[in-house]
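Each chain is listed here by its residues.
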Amino acid sequence: HPDRLWIWEKAVYKDENQRTWLPIAMEVTTESGLQVLMHQEDVPLGKAMSPSELEPFLLPLMWQLYPEKRYRASDSSFWRIVYHVEFNGMEDMLLEKLPLL
């Protein structure tokens, strides 16, 4: 799993290895709140955007990997890694926002 994912520009995240990840599907669920499918795909990067330049977005600005297959987001929420698969050199990772305790 990537150690960190941070937003680079609108709907494009970058990991510590300079790979780009795209949130390609989001679903709001009643039990957990939100799921997002992150797809690793090489895309040309534009200029990095600051948080003030970005439009409001349902996803956090950054995720950091924590133990137990979880990410902690920049808004202090936790996200569980439901699955992370690689096929033909491309990766997909489904993240699910955990409810607040």
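Criteria and thresholds
Each chain carries its own residue numbering, running from 1 in the written order of its sequence. Whole-chain, interface and lining totals are the exception, using all residues; otherwise, since this is a predicted model, local features are given only for residues with pLDDT of at least 70 and side-chain atom pairs are given and counted only at 80 or more. Remark: hydrogens and water are excluded; side-chain values derive from all non-hydrogen atoms of the structure. A run of DSSP states H or I qualifies as a helix once it reaches four residues; a run of E qualifies as a strand once it reaches two. Both are numbered from the N-terminal end. Each radius of gyration is computed over the set of C-alpha atoms, and the globule rule expresses the reference value as 2.2 Å times the number of residues to the power 0.38. By convention in these notes, a salt bridge is any Lys or Arg side-chain nitrogen within 4 Å of a carboxyl oxygen on Asp or Glu. With a 1.4 Å probe rolled over the protein chains alone, any residue whose accessible area is under 20% of its type maximum counts as buried; one over 50% counts as exposed, and the rest are partly exposed. Here, any two strands with at least 2 DSSP bridges between them count as paired. For helices, the axis comes from a line fit to the C-alpha atoms of the stretch in contact; other axes are also lines fit to C-alpha atoms, and the angle between any two N-to-C directions lies between 0 and 180 degrees. When two rings of Phe, Tyr or Trp (its six-membered ring) have centres within 6.5 Å they constitute a pair, described as stacked for plane angles under 30 degrees, edge-to-face for angles over 60, and tilted for the intermediate range. In our convention, an over-ring charge means Lys NZ or Arg CZ found within 6 Å of a ring centre and within 35 degrees of that ring's normal.

Peer 1: Teacher, can you tell me more about the overall build of the chain here?
Peer 2: Helix and strand counts for the chain stand at zero helices and eight strands. Scanning the chain from its N terminus toward the C terminus, one meets helices and strands in the order β-β-β-β-β-β-β-β. The C-alpha atoms of the chain give 13 Å as radius of gyration, which agrees with the globular expectation for 101 residues (13 Å, within 12%). For the chain, the C-alpha atoms occupy an extent of roughly 35 × 35 × 25 Å along the three principal directions.

Peer 1: Looking at this structure, how should I read the pattern of salt bridges?
Peer 2: Opposite charge on two side chains allows them to pair when their charged atoms are near. Tallied over the full model, the rule gives four salt bridges. Between D15 and R19 there is a salt bridge whose closest N-O contact spans 2.9 Å. The exposure class assigned to R19 is partly exposed, which follows from its relative accessible area of 23%. The salt bridge involving E96 is made with R80; its shortest N-O contact spans 2.8 Å. Remark: R80 occurs in strand β7 (residues 78–87) and E96 occurs in strand β8 (residues 90–97); sequence separation between them is 16 residues.

Peer 1: Explain the sheet that holds β8 here, please?
Peer 2: Strands belonging to one sheet form pairs held by backbone hydrogen bonds; the direction of such a pair is parallel or antiparallel. The eight strands lie next to each other as β1-β2-β3-β4-β8-β7-β6-β5, forming a closed barrel whose pairing is antiparallel. On average, each strand axis in the sheet is tilted by 30° relative to the strand beside it, whichever way the strands run. Note that strand β2 (residues 12–15) and strand β3 (residues 20–29) share two bridges and pair antiparallel. Of the residues in β3, the one forming a bridge with K14 is T20.

Peer 1: Help me out: how do you make sense of the environment of K97 in this one?
Peer 2: Residue placement: K97 occurs in strand β8. A sequence separation of 68 residues divides K97 from T29, and the C-alpha atoms of the two residues are 9.7 Å apart.

Peer 1: Just checking my understanding: could you explain the packing of aromatic side chains for this structure?
Peer 2: Two aromatic rings, taken as a pair, are described by how far apart their centres are and by the angle between their planes. According to the stated counting rule, one finds three aromatic pairs in the structure shown. Centroid distance W63 to W79: 5.5 Å. Interplanar angle 85°. Geometry classified as edge-to-face. Highlighted residues: W63 in strand β5 (residues 62–66) and W79 in strand β7, separated in sequence by 16 residues. In this structure, W63 and W79 share a single accessibility class: buried. Each ring, one from Y66 and one from F78, has its centre 5.7 Å from the other, and the planes form 80°; the classification is edge-to-face. With a gap of 12 residues between them, Y66 in strand β5 and F78 in strand β7 connect regions that are remote in the sequence. Above the face of the W8 ring, K14 is positioned so that its terminal group lies 3.6 Å from the ring centre.

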